[in-house]
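# Close look at the chain arrangement
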Amino acid sequence: MATIIFYILGFTALIATGLCITRRNPVHAVVYLVNALFALALIFYLLGAPLVAAWEVIIYAGAVMVLFLFIIMMLELAPNPVDEAAGPGWMRWGPVLLLGLVLVACTVLLILVDGQSGEGVPTYYASPQDFGYALFSRYALAVQVVSFQLFFAAVGAFYVGKPPKRRRKEQA
Amino acid sequence: MSDFAIDILLILVKLGLIFAVLLTGAAYLVLAERRVLGRIQRRYGPNRVGPFGMMQPLADAVKLLTKEDFIPAQADKPIFFVAPGLAAVTALLAFAVVPFSPPITLFGREVPMVVCDLNIGVLYFLGLSSLAVYGIALGGWASNSKYALLGGIRGLAQLISYELAMGLSLVPVVLMAGSFSLTDIVLAQNPVPFALLNPVAFLVFLISTAAESKRIPFDIPEAENELVAGFHTEYSGMRFGLFFVGEYINMMILGSMITVFFLGGWIGPVLPPIVWFFAKVMAVAFVFIWMRGTLPRLRYDQLMHFGWKFLIPVSLINVIVTGALLLWLKG
């Protein structure tokens, strides 16, 4: 049962992601990506990690994608059919194809090396307590390092996004 | 019947009951709001249809169902169709984790009075309330109208901002209860509700839920005299009805959440638990209606400043202080 649901969810996520990257209309792409993230959240739930599933929905579907949508709506990015002649075909599709091939190769390798873990059955059920203890005691240092990195990134983004002094004077 | 079949049947019965109570509750909340607002403004409000106007919600439903369902020519049809449903469904789904009474014993079986007591109930509620944004944003965008688009953008910005304060004000609750499960949170408030133990979190949560429900004084996504009707300008008939009912269902959900998180849920003396629960939810809904009747609308920049520069810092400090106090009390 869990295996069947897992495969259905997996295919949903794949199809949604595929549709997401092929849509011309950015809002449609966002909707498909939300679908894909939702399917991923369900897969996490299926694999015995309810906390990660909830975070996937709250943070990715609920906050990050909403910000994407916000920007798209603010900039009024209308569907633009005139993009065809921007360069030779392989320039547009090449990098994506390469990345996709690498990912597929990695997945195939993983399945060949470790075929047993593709069962779609929770091997370990992580309750919120277990997850919290693991995160803040065993991996406390890693969590701190990552959070500092995020903090630096936020400060960096603020610094880079700040208009230079000369321009600010002109604006004022 | 096997145990499994009985369990499924029980869940279906509970779902049916909750749907019935929520939908009639939402319909009569509309009537209550119109009556109370009328009284606040020294007029009677609707009192023609049936005794005391009690049949007004039915008349409204008939009107909405028989009206023309208008679709703008340039609208993005699939999204335009789905958006009102999204707004209503995300509100309805949140009720799955709300415990409205302690478990009761029926025919020798213990029946928990909650559809699904998730061990991540708080996060489930937060997740759904963050998904509720899509109904507004996509509805506003798909209408292909400037008013609706502006309403959608404002709605997005407002809901993201106040969601942060809402989530942060729940952290002290989770800290004090030591659990993400709503049943455990209610049980942890047995002698003293969290509203008295942590009034700061309570006030922040109350204000941010008022903002989440997009009602006056936080109704800039649909500000009538600026944006016609904001994100649902182009909607008519039952699609508009779904947005409208969704708002009132949302009000009941947020009322139940305030009840569960801060007012001690079903706990109370003398009266049966379910009556206490319902009374508390109605009291919160009345406060929302009261606020709508007395307060003017905030300006957009005032709203953003209040959210980001006041509510979020206050709730962050509250998290730190509560955490430190709990650690100190533990020794």
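Moving on, we get to the overall build of chain A. Helix and strand counts for chain A stand at seven helices and zero strands. For chain A, the α and β elements follow one another from N to C terminus as α-α-α-α-α-α-α. A separation of at least 24 residues holds for 64% of the contacts in chain A among residues at least 6 apart in sequence. A total of about 12,600 Å² of accessible surface is found on chain A, and carbon and sulfur atoms cover 74% of it.

What chain B contains, in helices and strands, is 12 helices and two strands. Reading chain B from its N end, one meets helices and strands in the order α-α-α-β-β-α-α-α-α-α-α-α-α-α. Its C-alpha atoms give chain B principal-axis dimensions of about 65 × 55 × 45 Å. Taken across its 331 residues, chain B has 50% of its residues classed as buried. Relative to all contacts within chain B whose residues are 6 or more apart in sequence, the contacts with residues 24 or more apart total 77%. Carbon and sulfur atoms provide 72% of the accessible area of chain B, an area that totals close to 15,500 Å².

What follows deals with the nonpolar core. In terms of nonpolar packing, the biggest core is built from 102 residues, with F125, L170, F205, M257, F261 and F262 of chain B touching the most fellow members. Excluding anything up to four places from it in sequence, M257 of chain B contacts A94, V97, V98, F125, L182, F205 and F262 of chain B. Counting residues in each nonpolar core, the second largest holds five residues, with L9, A13, A39 and L46 of chain A among its members.

This next bit is on the layout of surface pockets. Estimates place the volume of the largest pocket at around 2,000 Å³. Considering the residues around the largest pocket, the lining is formed by 44 residues, among which W55 and F136 of chain A together with L123, V171 and F180 of chain B are closest to the centre. Among the residues forming the lining of the largest pocket, the class breakdown is 30 nonpolar, 11 polar and three charged.

This brings us to a nonpolar patch on the surface. Taken together, the side chains of F4, I8, I11, L12, L15, F19 and L23 of chain B make up a nonpolar region of the molecular surface, amounting to roughly 640 Å² of accessible area. Here I8 of chain B shows up in helix α1 (residues 3–40).

Below, the discussion takes up the confidence of the model for chain A. Residues and elements named next belong to chain A. Confidence along chain A averages 70 in pLDDT terms, with 64% of residues attaining 70 or more. Taken element by element, the predicted model of chain A shows its lowest mean pLDDT in helix α4 (residues 89–113) (53) and its highest in helix α6 (residues 140–161) (85). Here residues 80–86 scores under 50 on pLDDT; set against residues more than four positions off or in separate chains, the count is four contacts. Every residue in residues 114–121 scores below 50 in pLDDT, and together they form seven contacts with partners more than four places removed in sequence or on other chains.

Residue and element names in this part refer to chain B. A residue-level look at chain B finds 97% of positions with pLDDT of 70 or above and a mean pLDDT of 81. Across chain B, the secondary-structure element scoring lowest on mean pLDDT is strand β2 (residues 109–111), at 69, and the one scoring highest is helix α8 (residues 199–212), at 88. Complex prediction metrics read pTM 0.79 and ipTM 0.73.

Right, let's talk about the interface of chain B and chain A for a bit. At the junction of the two partners, chain B supplies 25 residues and chain A supplies 26 residues. Summed over both partners, the interface of chain B with chain A buries about 2,000 Å², with 79% contributed by carbon and sulfur atoms. At the junction of chain B with chain A, the criterion picks out zero salt bridges. Elements with a contribution of two residues or more to the side of chain B that touches chain A: α4 (121–142) and α5 (146–177) of chain B. A per-element tally of the side of chain B that touches chain A places α4 of chain B first, with 10 residues. Here the residues of the side of chain B that touches chain A sort into 17 nonpolar, five polar and three charged.

Let us now look at the side chain of S256 of chain B. By secondary structure assignment, the location of S256 of chain B is in helix α10 (residues 237–262). Residues in contact with S256 of chain B, not counting those within four places in the same chain, are F95, V98, F277 and V281 of chain B.

On to the packing of aromatic side chains, then. Within a pair of aromatic rings, the relevant descriptors are the distance that separates the centres and the angle that separates the planes. All names here are of chain B. Overall, the coordinates contain 11 aromatic pairs over all chains when judged by the stated rule. Considering the side-chain rings of F306 and F310, the 5.5 Å spacing of their centres and the 20° angle between planes classify their relative orientation as stacked. Here F306 and its partner F310 are both found in helix α12 (residues 300–330), four residues apart, which amounts to about one turn of the helix. Ring-pair connections join several aromatic residues into one group, and the members of that group are F125, F202, F205, F261 and F262.

All names here are of chain B. α10 packs onto α1 with a crossing angle of 100° between their chain directions and a minimal axis gap of 9 Å. Relative to α10, the element α1 is oriented roughly perpendicular. Where α1 abuts α10, its residues L22, L23, G25, A26, L29, V30 and E33 lie against F244, V245, Y248, I249, M251, M252 and I253. Of the residues contributing to the contact of α1 with α10, the split by class is 12 nonpolar, one polar and one charged.

Here the focus is helix α3 (residues 50–75) of chain A. With 26 residues, α3 of chain A extends 36 Å between its outermost C-alpha atoms, agreeing within 8% with the 38 Å of an ideal straight helix rising 1.5 Å per residue. At M65 of chain A, α3 of chain A shows its largest bend, some 30°.

Criteria and thresholds
- Residues numbered from 1 in each chain as written.
- Chains lettered and ligands numbered in written order.
- Predicted model: local features only at pLDDT ≥ 70, side-chain atom pairs only at ≥ 80, totals over all residues.
- Heavy atoms only, no water.
- Helix = DSSP H or I, 4+ residues; strand = E, 2+ residues; numbered from the N terminus.
- Contact = heavy atoms within 4.5 Å.
- Areas by Shrake-Rupley, 256 points an atom, 1.4 Å probe, with all protein chains shown as cover.
- Buried < 20%, exposed > 50% of the residue type's maximum accessible area, 1.4 Å probe, protein only.
- Core = buried A, V, L, I, M, F, W, Y, C linked by side-chain atoms within 4.5 Å.
- 1 Å grid on protein atoms, 1.4 Å probe; cavity = no way out; pocket = protein on both sides within 12 Å on 5 of 7 lines; lining within 4 Å.
- Points joined across faces, edges and corners; volume = space filled by probe spheres on them.
- Nonpolar A, V, L, I, M, F, W, Y, C, P; charged D, E, K, R; others polar.
- Patch = residues over 30% accessible without salt bridge, like charges linked within 9 Å, V, L, I, M, F, W, Y side chains within 5 Å.
- Salt bridge = Lys/Arg side-chain N within 4 Å of Asp/Glu carboxyl O.
- pLDDT = per-residue confidence, 0-100.
- Buried area = accessible area lost by both parts, 1.4 Å probe.
- Phe/Tyr/Trp six-rings, centres within 6.5 Å; stacked < 30°, edge-to-face > 60°.
- Axes fitted to C-alpha atoms, helices over the stretch in contact; angles between N-to-C directions.
- Parallel < 35°, antiparallel > 145°, perpendicular 65-115°, else oblique.
- Expected span 1.5 Å × (residues − 1).
- Bend = angle between axes of the 7 residues up to and from the residue.

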